[in-house]
Amino acid sequence: MAINLQKGQKIDIGLNNMSVGLGWTPNEGTGFAFDLDASAFMLDQSRLIPEEKYFIFYGNTDSPDTALHHSGDDPTGGNSDGGDDETIVVDLAKVDPRVQEILFVVTIYDSGPRRQNFGQVRDSYIRIVDNSTGLEVAKYELGEDFSIETAVEFGRLYRRDGKWKFEASGIGYKEDLAFFLSKYYKGQIIK
Amino acid sequence: MAINLVKGQTIDLRKGERGETYDLSQVTIGLGWDVRKKNGIGGGFLSKLLGGEEEEEYDLDAIAFLLDGNGKVANLGRTADINGRSIGLYEGDIIYFNSMRHPTGQIWLTGDNRTGAGEGDDEQIIVRLDSLDQRYQKIVFLVAIYHGRQQHQHFGMVENAFIRAVDHQGHEIAKFNLSGDATYNGMCSMIFAEVYRKDGTWKFRAIGEPHQTDSFVDLLKAGYTY
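Because the structure is predicted, anything quoted here is derived from the model rather than measured. (Residues numbered from 1 in each chain as written. Chains lettered and ligands numbered in written order. Predicted model: local features only at pLDDT ≥ 70, side-chain atom pairs only at ≥ 80, totals over all residues. Heavy atoms only, no water.)

## Quick look at the pattern of salt bridges
Any two side chains of opposite charge can pair if their charged atoms end up close together. To keep it simple, the criterion reads: Between Lys or Arg on one side and Asp or Glu on the other, a salt bridge is scored when a side-chain nitrogen of the former is within 4 Å of a carboxyl oxygen of the latter. Per the convention used, a helix needs a DSSP run of H or I reaching at least four residues, while a strand needs a run of E reaching at least two, with both numbered from the N terminus. Burial status follows relative accessibility: with a 1.4 Å probe on protein chains alone, a residue under 20% of its type maximum counts as buried, one over 50% as exposed, and anything between as partly exposed.
Under the definition given, this model contains 15 salt bridges over all chains. Across the pair Glu101 of chain A and Arg47 of chain A runs a salt bridge, and its minimum N-O distance is 2.5 Å. Here the residue Glu101 of chain A occupies a position in strand S8 (residues 101-108), and Arg47 of chain A occupies one in the loop between strand S4 (36-43) and strand S5 (55-56), the gap between them amounting to 54 residues. A relative accessible area of 36% means that Arg47 of chain A is categorised as partly exposed. Taking the shortest distance from any N to any O, the salt bridge between Asp112 of chain B and Arg114 of chain B comes out at 3.1 Å. A cluster of three or more residues bridged by salt bridges with shared partners is formed by Arg47, Glu101, Arg156 and Glu167 of chain A.

Written as structure tokens, this is what we have:
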């Protein structure tokens, strides 16, 4: 059964194999396509990505420990009719021991020049699905709660006493992906 | 923008402009910097006594090594007498201020700018990768401050210095700011980037590795093969 998450709500994830799915409906108007991106930051105890390959996004679809796999970029929302358009498959059993936390973020690509925000995107959500049953564990509707924002921190999986928990953060930002990356990465970013 | 360049550490957030979508049939390596007013550093009173609005000149140079399949500069050229000066590494596989045009004509330095005066790129190395002889498998691009050690100059002091790579369509592939960051204090040269053949096409890789030496010859001798 789906839990519609509240900010700060913590759940014992109780799963190893899950998918973090992002879905939205293509823009059928005449404007720019809405290009939503799902990204995951695998963070060490200093809350930094230990190596750049531990940042999973459209430009890097697999983590070195093979724990995370991104299905690839959907620039329009057209990949699936009604289902997830971008998916990050998570296998917690494979996560590198250095990684203490996996942070999930959704951003709207090029939202500045295209003058876009979540309020304009139709039927956008991010959710967690249990891969063994196909059932939805948690879901955020992005359009309703984040009408003027261009980025949403969805939540984080984190280790606690040998177990993984999920904390829903649901924080909206008027920022882009580089903003989040600059918090967790000390190398160069080309925008 | 503070840029902390560690070898290989670059995340490119652009879509549709990554990797092979660049038009690498011709690549321009652009190097730019600004002259700096000396009294801006030393304090007004003393520097005025010493001559006031003097400008300190930095002479940055763009350099290219053409490497063969073994990752070596195969042809070190010859020593030539040019206008009464003895010039080494002339007409070999190194493109630099004393040997600006490669014998094949497919890669050249547009000129030696010694002060950085002017907007935009002050020096450019242009390479027609599509026409480049098959014996060249990789080109490594460098930047160095001419006589930097002797003049006590380093990238941490140069104003608005950058090196960038631009593809044939004018798209900037990579750009590193060389100044305004403590990381570059004491650094007089940098291995900027390389282009290399892979599966019949050319690939670009940003490297951004700073070095203390001001001489590309040191880097050449150290066997910078990448």
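## Remarks on unusual backbone geometry
All names here are of chain A. Within the chain, Thr66 stands out as a residue other than glycine whose phi angle is a positive 60°. Position of Thr66 among the secondary structure elements: in the loop between S5 and strand S6 (68-70). In this model, Arg115 sits at a positive phi of 55°, which is unusual for a non-glycine residue. Taking the relative accessible area as the measure of exposure, Arg115 reaches 71% and is therefore exposed.

## Some points on the sheet that holds strand S10 (residues 123-127) of chain B
Residue and element names in this part refer to chain B. Inclusion rule: By this definition, two strands are paired if DSSP reports at least two bridges between them. Only the stretch in contact is used when fitting a helix axis, every axis being a line fitted to C-alpha atoms; angles between N-to-C directions are given from 0 to 180 degrees.
Taken together, five strands build an open sheet; the order of strands is S9-S10-S2-S12-S13 and the sheet is antiparallel. The sheet is open, and its two edges are formed by strand S9 (107-109) and strand S13 (172-177), each paired on a single side. Across the sheet, the mean angle from the axis of one strand to that of its neighbour is 10°, orientation sign disregarded. Across six bridges, strand S2 (residues 27-34) lies against strand S12 (residues 159-166) in antiparallel orientation. Residue Leu31 lies in a different strand from S12, and its bridge partner there is Ile163.

## Side note on the packing of aromatic side chains
Residues and elements named next belong to chain B. Selection rule: When two rings of Phe, Tyr or Trp (its six-membered ring) have centres within 6.5 Å they constitute a pair, described as stacked for plane angles under 30 degrees, edge-to-face for angles over 60, and tilted for the intermediate range.
As enumerated under the stated definition, the model contains 16 aromatic pairs over all chains in all. Here the aromatic rings of Phe155 and Tyr184 are separated by 6.3 Å at their centres, their planes lie at 90°, and the arrangement is edge-to-face. Here Phe155 is found in the loop between strand S11 (138-145) and S12, whereas its partner Tyr184 is found in the loop between S13 and strand S14 (189-198), with 29 residues between them in sequence. For Phe155, a relative accessible area of 0% gives the class buried. Take Tyr184: its relative accessible area is 0%, and that puts it in the buried class.

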